[in-house]
Amino acid sequence: MGNDHASRRRAWVGDLVEDENGREAIVTDVTAGAVWTLRTPDALLADQWITTDPDSLLVLKTRAQRIASR
């Protein structure tokens, strides 16, 4: 079996993702290519968390796909 993460797109700002705990989130910031800030799709910015493991994020929709579906 191959590495699941090798073919996956790395999450970036504006993407809708699923984190390692199954929570859906929007990537709101990437700091120094090392810290990804996430927030729930329907929450205020105060409801956010971070990850330092971007490979644990599964991109559900890219920013461009989210904008196109509005």
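Preceding block: the structure.
Sequence positions are assigned chain by chain, starting from 1 and proceeding in written order. At least 70 in pLDDT is required for a residue's local features to be given in this predicted model, at least 80 for side-chain atom pairs to be given and counted, and no such filter applies to totals for whole chains, interfaces and linings, which use all residues. Hydrogens and waters are ignored; side-chain quantities use all the structure's heavy atoms.

1. Re the overall build of the protein
Put simply, the rule is: Note on conventions: DSSP H or I runs of at least 4 residues are helices, E runs of at least 2 residues are strands, and numbering of each starts at the N terminus. Classification of residues uses two cut-offs on accessible area relative to the type maximum, computed with a 1.4 Å probe and protein chains only: under 20% is buried, over 50% is exposed, and between them is partly exposed. We get accessible surface area from the Shrake-Rupley algorithm with a probe of 1.4 Å; when it comes to residues, only the shown protein chains can shield them.
Per the secondary structure count, the protein includes one helix and five strands. Overall, the protein shows an N-to-C arrangement of helices and strands of β-β-β-β-β-α. A buried classification covers 33% of the 70 residues belonging to the protein. Within the structure as shown, the protein displays about 4700 Å² of accessible surface, and the carbon and sulfur contribution to it stands at 51%.

2. Observations concerning the nonpolar core
To be explicit about the condition: We call a set of buried Ala, Val, Leu, Ile, Met, Phe, Trp, Tyr and Cys residues a nonpolar core when their side-chain atoms join them within 4.5 Å. By the convention used here, residues are in contact when the closest approach between their heavy atoms is within 4.5 Å.
Counting 10 residues, the largest nonpolar core is built from A11, V17, A25, V27, V30, W36, L38, W49, L57 and V59. Put simply, the parts of the chain that give this core at least two residues each are β2 (24-31) and β3 (35-39). Among the elements that make up this core, the one with the highest residue count is β2 (three residues). Look past the residues within four positions of A11 in its chain and what remains in contact with it is V17, V27, W36, L57 and V59.

3. Remarks on the pattern of salt bridges
Short version of the rule: A pair is scored as a salt bridge if a Lys or Arg side-chain nitrogen falls within 4 Å of a carboxyl oxygen belonging to Asp or Glu.
Using the criterion set out here, one finds three salt bridges in the structure. Measuring nitrogen to oxygen at the nearest pair gives 2.4 Å for the salt bridge that ties D15 to R9. The class for R9 is partly exposed, based on a relative accessible area of 43%. Notably, a salt bridge pairs R10 with D55, separated by 3.0 Å at the nearest N-O pair. Taken together, the residues R10 in the segment before β1 (16-18) and D55 in the loop between β4 (48-51) and β5 (58-61) connect sequence positions 45 residues apart. Assessed through its relative accessible area of 43%, R10 is described here as partly exposed. The class for D55 is partly exposed, based on a relative accessible area of 36%.

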